[in-house]
Amino acid sequence: EAEVAQSPRYKITEKSQAVAFWCDPISGHATLYWYRQILGQGPELLVQFQDESVVDDSQLPKDRFSAERLKGVDSTLKIQPAELGDSAMYLCASSLEPDIEETQYFGPGTRLLVL
Amino acid sequence: SQQGEEDPQALSIQEGENATMNCSYKTSINNLQWYRQNSGRGLVHLILIRSNEREKHSGRLRVTLDTSKKSSSLLITASRAADTASYFCATDRVSSNTGKLIFGQGTTLQVKP
């Protein structure tokens, strides 16, 4: 069964350093989502792509976060510089289309710890 | 910002018992979905219920939706130790057609063998 791939699974960094996360969605899925999940809370959408275009980045802290999906397939989320409050799980998900009834398929996540 | 609130935050039951968790939301929706998350893992889609539906079943899962009260419940019958996980409700918004989901805080379920 096809899965969403993410790497790395774990990342420890010091504040003010740069970090990057990678996501490879299920083949053929046009829509890709990045979520941040703080411990004990539900995921919160950071950015949504339709192919290579950003559909929604209203919750992305654009002063330090950036995301790209250059060829409309895999995607990278970057944080520069990292802050202590960025410690969280970063989840990637994909769906066939940005439809209200489309199931989102989640990857295993990248757990980030900022020291 | 999170749309939903889930109740209870944590639930502990014995294997074989039923587990009920509730979700309330704030704005009008097209549908509501439930996801499961095993510890330290990604989320897995369980079930979707449309705003014009009142009840839906899938295996041991039963979901109800009351749009007048802006609330939903997830019932897991005959629970198993493998059901131990966090459960999240997620809603879209009628004003949105992008598939954007807003998740609740989640209910942590522990099923004791």
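Residues numbered from 1 in each chain as written. Chains lettered and ligands numbered in written order. Predicted model: local features only at pLDDT ≥ 70, side-chain atom pairs only at ≥ 80, totals over all residues. Heavy atoms only, no water.

Q: Before we go on, may I ask you to explain the pairing of strand E8 (residues 71–76) of chain B in this structure?
A: On a regular strand, each side chain points to the face opposite its neighbour's, so the side chains alternate between the two faces of the sheet. All names here are of chain B. Burial runs high along E8: 5 of the 6 residues are buried. Both strand E3 (residues 19–24) and E8 contribute to a ladder of 6 bridges, which runs antiparallel. By the bridge assignment, Ala 19 is partnered in E8 with Ile 76. Here strand E7 (residues 61–66) runs beside E8; their pairing, made up of 6 bridges, is antiparallel. By the bridge assignment for E8, Arg 62 is matched with Leu 75. Between E7 and E8, which pair antiparallel in sequence order, lie 4 residues; one of them, Lys 70, sits at a positive phi of approximately 50°. (Buried < 20%, exposed > 50% of the residue type's maximum accessible area, 1.4 Å probe, protein only. Helix = DSSP H or I, 4+ residues; strand = E, 2+ residues; numbered from the N terminus. Pairing = 2+ DSSP bridges.)

Q: Is there a simple way to explain the confidence of the model for chain B in this structure?
A: Note that predicted coordinates carrying low pLDDT should not be read in detail. Looking at chain B, pLDDT values average 91 and 93% of them are 70 or higher. Looking across chain B, the model is least confident in strand E1 (residues 5–7) of chain B, with a mean pLDDT of 84, and most confident in E7 of chain B, with 98. (pLDDT = per-residue confidence, 0-100.)

Q: Whenever I open this one, the nonpolar core confuses me. Can you help?
A: It is characteristic of soluble globular proteins that their nonpolar side chains tend to be buried jointly. Core analysis: the largest hydrophobic core is formed by 21 residues, its most contacted members being Met 21, Leu 32, Trp 34, Leu 74, Ile 76, Tyr 87 and Leu 109 of chain B. Taken together, the elements giving at least two residues each to this core come down to E3, strand E4 (31–37), strand E5 (43–50), E7, E8, strand E9 (85–91) and strand E11 (107–112) of chain B. Beyond its immediate stretch of four places on either side in the chain, Ile 76 of chain B contacts Glu 17, Asn 18, Ala 19, Met 21, Arg 60, Leu 61, Asp 83, Tyr 87 and Leu 109 of chain B. Counting 20 residues, the second-largest nonpolar core is a separate cluster that includes Cys 23, Ile 26, Leu 32 and Val 47 of chain A. (Core = buried A, V, L, I, M, F, W, Y, C linked by side-chain atoms within 4.5 Å. Contact = heavy atoms within 4.5 Å.)

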